[in-house]
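Architecture at a glance
Listed below, chain by chain, are the residues.
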Amino acid sequence: LWEQSKNLRLNAETGKSWTNGIGAWSGDYDTRFWYFKSVPCTNSVGDDCVLIRNAENGRSLYHGGSDCNKLGASPKGTFDYIFTNTDYRWKFIDVLEDNANCVAEGVSCSSNRDCCSHYCHGDGHCAR
């Protein structure tokens, strides 16, 4: 997973867990490779979700937990809870379809989905 504008790659360090050792770094590390494992979605978002797993150490990416604003990854290995906890499930969004009705920077918005490659800021306008 690559953030093109800064040439950073999502990385999950081996030997760390939860929010420790997860982030985006430049450089060539074995722990920057990820794969998607299909799993069923467990709510109304549709049938197809994925686990995002680190190919080197098996850490699984999650969002949520006690602080919903945290991104983290499980400890190294395969644990039953990554297959049952919904914080580990990710849904792909069809960007072309969703952007058909999006608005440009500076235009009023009510959520991030309204903004083409921008964020809906607290003032209710799309911005970078």
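Scope of this entry: the structure provided in the associated data block. (Residues numbered from 1 in each chain as written. Predicted model: local features only at pLDDT ≥ 70, side-chain atom pairs only at ≥ 80, totals over all residues. Heavy atoms only, no water.)

**Structural notes on the overall build of the chain**
- From N to C terminus, the chain includes two helices and nine strands.
- When the helices and strands of the chain are read in sequence order from the N terminus, they spell out β-β-β-β-β-β-β-α-α-β-β.
- Out of the 128 residues in the chain, the part that is buried amounts to 30%.
- The long-range fraction of contacts in the chain, counting pairs at least 24 apart against all pairs at least 6 apart in sequence, stands at 35%.
- Just so you have it, the chain exposes about 8,300 Å², and 50% of that area is on carbon and sulfur atoms. (Helix = DSSP H or I, 4+ residues; strand = E, 2+ residues; numbered from the N terminus. Buried < 20%, exposed > 50% of the residue type's maximum accessible area, 1.4 Å probe, protein only. Contact = heavy atoms within 4.5 Å. Areas by Shrake-Rupley, 256 points an atom, 1.4 Å probe, with all protein chains shown as cover.)

**Quick word on the state of the cysteines**
- Across all of its chains, the model carries one disulfide by this definition.
- A disulfide bridge connects C41 with C49, and the sulfur atoms are separated by 1.8 Å. When the S-S torsion is 100°, as for the bridge of C41 with C49, the disulfide is right-handed.
- The exposure class of C49 is buried, given its relative accessible area of 6%. (Disulfide = S-S within 2.5 Å.)

**Observations regarding the side chain of R89**
- On the secondary structure map, R89 appears in the loop between α1 (81-84) and α2 (95-98).
- A distance of 2.9 Å separates a polar side-chain atom of R89 from the backbone oxygen of F83.
- If near-sequence neighbours (up to four positions away) are discounted, R89 is found in contact with V39, P40, C41, T42, C49, V50, I82, F83 and T84. (Polar contact = N/O pair within 3.5 Å; in protein donor to acceptor, adjacent residues only side chain to side chain.)

**Some details on the nonpolar core**
- L10, A12, I22, W34, V50, I52, L61 and A73 together form the largest nonpolar core, which totals eight residues.
- Those residues within four positions of L61 in sequence are excluded, and the remaining contacts are L10, I22, W34, I52, L71, G72, A73, D87, Y88 and W90.
- With seven residues, the next largest nonpolar core counts C41, L51, Y62 and Y88 among its residues. (Core = buried A, V, L, I, M, F, W, Y, C linked by side-chain atoms within 4.5 Å.)

**Side note on the packing of aromatic side chains**
- Enumeration according to the criterion identifies five aromatic pairs in this entry.
- A ring pair is formed by W18 and Y81, whose centres lie 6.1 Å apart and whose planes are at 35°; its orientation type is tilted. A residue pair is termed long-range when its members are at least 10 positions apart, and W18 in the loop between β2 (8-12) and β3 (22-25) and Y81 in helix α1 qualify at 63 residues.
- Residue class for W18 comes out partly exposed when judged on its relative accessible area of 38%.
- Chaining the aromatic ring pairs together yields one cluster made of W18, Y62, F79, Y81 and Y88. (Phe/Tyr/Trp six-rings, centres within 6.5 Å; stacked < 30°, edge-to-face > 60°.)

**A word on the pattern of salt bridges**
- For the coordinates displayed, the defined rule picks out one salt bridge.
- A salt bridge links E13 to K16, with the shortest nitrogen-to-oxygen separation between them at 3.8 Å.
- The class for E13 is partly exposed, based on a relative accessible area of 29%.
- Given the relative accessible area of 36%, K16 is considered partly exposed. (Salt bridge = Lys/Arg side-chain N within 4 Å of Asp/Glu carboxyl O.)

Without other data, these values stay purely geometric and don't point to any function.
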